[in-house]
Amino acid sequence: MKNKIYWIFAILTITTISIAYGFTKFIVPKEKSAAMDCTEATASKASSEFEPTIVNKNSAPAKAPKGMVWIPGGEFSMGSNVEDESLCSIKGITKDAAPIHRVYVDGYFMDETEVTNEQFAKFVNATGYVTVAEQKPTQEEFPDAPPENLIAGSVIFSPTPAAVNLNDFLQWWSYVGGTDWKHPLGPESSIKGKEKYPAVQITYEDAAAYAKWAGKRLPTEAEWEFAARGGKTGNLYAWGNTLKPNGKFQANIYQGHFPIKDGDTGEDGFKGIAPTAQFKPNAYGLYDMAGNVWEWVNDWYSPSYYSELNKDGKTAKNPQGPDSYNDPNDPTEKKRVHRGGSFLCTDQYCTRYMVGTRGKGEIRSAANHLGFRCVKSI
Ligand SMILES: [Ca+2]
Ligand SMILES: [Ca+2]
């Protein structure tokens, strides 16, 4: 996800794109079976490089705080070597999740669900916190922006009228003034009746502020993945190695033609975002570790971090992420890692509901498919 200034400039650009280029570069989306073959075929290769997970034997040192579960920690093989995990037809696009490397994490408590609107509202009511999306961008922060573009807002998924080439995400994302966590789909939208839905339009800063207030913290990327794997070894998904065991979806992702209007068939039960905990939890009792909304973790993003950790072949103990951000595609953007994919992830695009794969985002940017959950050390 690009940063806020990018979107502010993109307001005009989007208009230009839709007029100047239209939707001429259509592609024929993959048949579902072909995409399934793509992901399933790589599973055995991926799993062969994983060493067994060794879960710590210690039981929870205390009663879990309300809404949290105990994750015992231990040693596991982290990452993914499914080179075509994001866009099945483009090999190697998400090599940032390779190599598989050995990691140890201490035990911790973790939120069972993504942080909900109800929970986030308690924080805002108690503190008067104003999220980044509610703040008018300043000329100091964006010295090159035309003043008329400096409006408080955030980014919304905006389905396209017809099929588009999937190589340009500007076609289906729009920066809309008046969008924030209370108005996640624009100024006319609201979260009334959506208390149990995950809070979205949350930047890293917002998530970290909530965590601090709650006496918790954001998970490290290693903690997040250890928890998501549920003590299992090398699975492709948080629940196993088959996307739809017994023909049943296990997470809120996207079915149908991405990203066109009314393209989401909701075969998994939900078109768009869902309330938390609508699917079975993983082996640790965690809900929606795949799909529904992306989740911030604390680590800076660097695509080479896993290879750096793996250099001496030793087990990395409680890794905290690289010292600084480094996305070669956007070198000036301060990005941290997102995990788990969202309700917009599809086998046509962004299959990052796969448990070992990674996303990333600029720390003061948000969107309507991005939320978080917290952990608590003992
Ligand atoms: Ca869905
Ligand atoms: Ca999630």
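These numbers come from a predicted model, not from an experiment.

Cut-offs used in this document
Residues numbered from 1 in each chain as written. Chains lettered and ligands numbered in written order. Predicted model: local features only at pLDDT ≥ 70, side-chain atom pairs only at ≥ 80, totals over all residues. Core = buried A, V, L, I, M, F, W, Y, C linked by C-beta atoms within 7 Å. Buried ≥ 20, exposed ≤ 12 C-beta atoms within 10 Å, placed from the backbone. Helix = DSSP H or I, 4+ residues; strand = E, 2+ residues; numbered from the N terminus. Contact = placed C-beta atoms within 7 Å. Pairing = 2+ DSSP bridges. Axes fitted to C-alpha atoms, helices over the stretch in contact; angles between N-to-C directions.

(A) The nonpolar core, seen in detail. Formed by 86 residues in total, the largest nonpolar core has its most connected members in M110, I202, A207, A227 and Y237. Broken down by element, the residue count for this core peaks at five residues, all from helix 6 (residues 221–229). For A207, the residues in contact, after removing those within four places along its chain, are I202, L218, W296 and F372.

(B) Representation of the pairing of strand 10 (residues 335–339) within the structure. Judged by how many residues are buried, strand 10 sits mostly within the fold: five of five residues are covered. As paired strands, strand 8 (residues 294–300) and strand 10 are joined by three bridges and run antiparallel to one another. Residue E295 lies in a different strand from strand 10, and its bridge partner there is R339. Here strand 10 pairs with strand 11 (residues 359–362) via four bridges, running antiparallel. Paired with H338 across the two strands is G359, which belongs to strand 11.

(C) Expanded view of the environment of R217. Within the fold, R217 resides in the loop between helix 5 (204–213) and helix 6. As a C-alpha pair, R217 and N298 span 81 residues in sequence and 8.4 Å in three-dimensional space. Other than its neighbours up to four places away in sequence, R217 contacts A211, C374 and V375.

(D) The arrangement of the sheet that holds strand 3 (residues 74–78) in detail. One open sheet accounts for four strands, arranged 1-3-4-9; its pairing is mixed. Looking at which strands have only one partner, the edges of the open sheet turn out to be strand 1 (54–55) and strand 9 (316–317). Taken together, the two bridges between strand 4 (residues 101–105) and strand 9 define a ladder with parallel strand orientation. Paired with V103 across the bridge in strand 9 is A316.

(E) Summary view of the sheet that holds strand 12 (residues 370–372). With mixed pairing, the four strands of this open sheet are ordered in space as 11-10-8-12. The open sheet has two edge strands with one neighbour each: strand 11 and strand 12. Across the sheet, the mean angle from the axis of one strand to that of its neighbour is 50°, orientation sign disregarded. Where strand 8 meets strand 12, three bridges bridge the pair, whose relative direction is parallel.

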